[in-house]
Amino acid sequence: PQSHCPEHDPNCGCHGPIMTKGMVGWAGGGEGPDFFLNTFDKPVDWWEHQHTVWGELDEESIRVVESAYDLPAHKTSMRMLDKPIEFSIELF
């Protein structure tokens, strides 16, 4: 399907690259600002260019994120943890 840039960002490019494992994407349109961490092993071409990528995890950080899969969660349209986890982000 053809993507259309939102009125407030007419040159968005809709929006980023095809995401690969470890990329951090912006998830707009909700109550957010929200972001998500891509942990799929293969490029997620079904998302097309719909998400702005604003960061990337190193291998150690990916392992930490994947350890959260062992925590209690429920599924709606996405897998959501039952309880929040605290974390910090270190920018270089």
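Residues numbered from 1 in each chain as written. Predicted model: local features only at pLDDT ≥ 70, side-chain atom pairs only at ≥ 80, totals over all residues. Heavy atoms only, no water.

With that settled, the discussion passes to the side chain of Asn38. Structurally, Asn38 can be placed in the loop between β2 (34–37) and β3 (53–56). Taking relative accessible area as the criterion, Asn38 reaches 2% and is therefore assigned buried. There is a polar contact of 3.1 Å between the side chain of Asn38 and the backbone nitrogen of Phe40. Leave out the neighbours within four places in its chain, and Asn38 touches Met19, Thr20, Lys21, Gly22, Met23, Val44 and Trp47. (Helix = DSSP H or I, 4+ residues; strand = E, 2+ residues; numbered from the N terminus. Buried < 20%, exposed > 50% of the residue type's maximum accessible area, 1.4 Å probe, protein only. Polar contact = N/O pair within 3.5 Å; in protein donor to acceptor, adjacent residues only side chain to side chain. Contact = heavy atoms within 4.5 Å.)

This paragraph deals with the sheet that holds β3. Pairing is antiparallel across the open sheet formed by three strands, whose spatial order is β2-β1-β3. Two strands lie at the open edges of the sheet, namely β2 and β3, each paired on one side alone. When strand polarity is set aside, the average angle formed by the axes of neighbouring strands in this sheet is 30 degrees. Pairing geometry for strand β1 (residues 23–27) and β2, over four bridges, is antiparallel. What sits directly across from Gly25, in β2, is Phe36. (Pairing = 2+ DSSP bridges. Axes fitted to C-alpha atoms, helices over the stretch in contact; angles between N-to-C directions.)

Take the packing of aromatic side chains next. A complete count under the given rule lists three aromatic pairs for this structure. Residues Phe35 and Phe87 carry aromatic rings whose centres are separated by 6.2 Å and whose planes lie at 75 degrees to one another, so their mutual orientation is edge-to-face. Here the residue Phe35 occupies a position in strand β2, and Phe87 occupies one in the segment after β5 (79–81), the gap between them amounting to 52 residues. Overall, Phe87 belongs to the exposed group, its relative accessible area being 56%. Geometrically, the ring pair formed by Phe40 and Trp46 is edge-to-face, given 5.2 Å between the ring centres and 90 degrees between the ring planes. (Phe/Tyr/Trp six-rings, centres within 6.5 Å; stacked < 30°, edge-to-face > 60°.)

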